[in-house]
Amino acid sequence: MKNTNPSDGGSRIRVPLLDVVNGNRPLRDEILEAITQVVDSGWFLHGPDCRQLEADVARHCDVSSAISCASGSDALLLAIMALGIGPGDEVILPSFTFFATASCIWRVGARPVFVDIDPETYNLKPDCVEAAITRATRAIIPVHLFGQCAEMDRIVQIAESHDLFVIEDAAQAIGAGYQQRPAGAWGTVGCFSFYPTKNLGGMGDGGMLTTNDSDLADRLRLYASHGMKPRYYHQVVGINSRLDSMQAAALRVKMKHLDAWNQQRGDNAARYGQLLKQAGLDSWVTLPKVADHQDHVWNQYTIRVPDGHRDKLRVFLAEADIGTEIYYPVPLHLQECFQSLGYHSGSLPETEAASKEVLSLPIFPELCAAQQEAVVRAIGQYRQQSARSAA
Ligand SMILES: *Cc1c(COP(=O)(O)O)cnc(C)c1O
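Report on the accompanying structure. Quick caveat: nothing in here was measured; it's all calculated off a predicted structure.

**Regarding the packing of aromatic side chains**
For step 1, the next point in the chain: Enumeration according to the criterion identifies 13 aromatic pairs in this entry.
For step 2, the next point in the chain: Ring centres of Phe114 and Tyr343 lie 5.4 Å apart, and the angle between their planes is 65 degrees; on these two criteria the pair is classed as edge-to-face. Within this pair, whereas Phe114 is found in strand β3 (residues 111–115), its partner Tyr343 is found in the loop between α11 (310–319) and α12 (349–357), the two being separated by 229 residues in sequence.
For step 3, the next point in the chain: Three or more aromatic residues link up through ring pairs in this structure, and these residues are Phe96, Tyr122, Phe146, Tyr327 and Tyr328.
For step 4, the next point in the chain: Its end group placed over the ring of Trp186, Arg181 keeps NZ or CZ at 4.4 Å from the ring centre.

Pasting the structure below:
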């Protein structure tokens, strides 16, 4: 018997956190054809697809140059290296982010200076940035977390008045904008990732840098190719970081759909908002806030769950076949590897509170209304059950 009605009492609807196979399926033939052409050309690195993807991203981000590399993590490291940041330098960044935002700083011997976030947007707070500036500060790395830009007008203003570089970690924010200007076009340099869970995800690793400074673009390319120019003459000690042509070919096929997918993510976010309000759950969990002048691209839909319920709700949802994730359970300033920096619990109160309460729900473009209803229904069931057991 075929049972396709998800609201039918007997069937249970599965809601994965992410569904990349389903997402790629409509493009399968086109992607395979693009990859086949690379196979047949024998041009596996720096092929025409890499150059073309760079041009596509540069146009999309409204910058003069885009430089491909092997991952978002490498993009950040290359930015730091090409800007000459090293021992004795400090770089200001949020602690509420993925590890790669900080490891690039550490790796070159500079010091990560973690600052607190705005509890509503989870993005670093310009006032905290300003307060953390010292004579050793060289750069600020704002992260456009979950697909929403940091307050870039103020951050750029602060950077300019203190002569600092701005490195945008836009790994989660391709296609996002603030005050009509795209992510990746605000700072000295922008860093993007094509990790499969990002809004433009490859079939493996990949990354991209954006800049309006053509000299910096040349330096980024130099550092990404062992500092070698011309061949076998090394001007600086760089790394080997290349996007391969097969990734670029697949990404070019997918890039044509990026705006539509971002739109679908936005529609899904709006629907979660309606459903959670209809169920009266918006007075219990905190819904994500979209700040003024933001074009949010919803890499994540992240709610806050109060009073120690977050982890229990997550288990409850998992038992109902609903995937969720915690971005991020341990802020970077409290990670074991950064102990020597001297932070402790209590150093960044908003960051630490967020890490205990955030929960990201499935938001991928192909998510359907019935799946979203199932998610909200399950949250409601947990709420009722926990209220009963408290009574
Ligand atoms: C994914 C991500 C990165 C790293 O990108 P990779 O391509 O996985 O190396 C860096 N910063 C943030 C905020 C990310 O989400």
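**What about the sheet that holds strand β8 (residues 189–193)?**
For step 1, the next point in the chain: Taken in spatial order, the 7 strands line up as β1-β9-β8-β5-β4-β2-β3 in an open sheet, and their pairing is mixed. Of all strands in the sheet, those with a lone pairing partner are β1 (65–69) and β3, marking the two edges. On average, adjacent strands in this sheet sit at an angle of 25 degrees to one another, irrespective of strand direction.
For step 2, the next point in the chain: Pairing between β8 and strand β9 (residues 207–211): 4 bridges, direction antiparallel. Among the inter-strand pairings, Cys191 is bridged to a residue of β9, identified as Leu209.

Cut-offs applied
Residues numbered from 1 in each chain as written. Predicted model: local features only at pLDDT ≥ 70, side-chain atom pairs only at ≥ 80, totals over all residues. Heavy atoms only, no water. Phe/Tyr/Trp six-rings, centres within 6.5 Å; stacked < 30°, edge-to-face > 60°. Helix = DSSP H or I, 4+ residues; strand = E, 2+ residues; numbered from the N terminus. Lys NZ or Arg CZ within 6 Å of the ring centre and 35° of its normal. Pairing = 2+ DSSP bridges. Axes fitted to C-alpha atoms, helices over the stretch in contact; angles between N-to-C directions.

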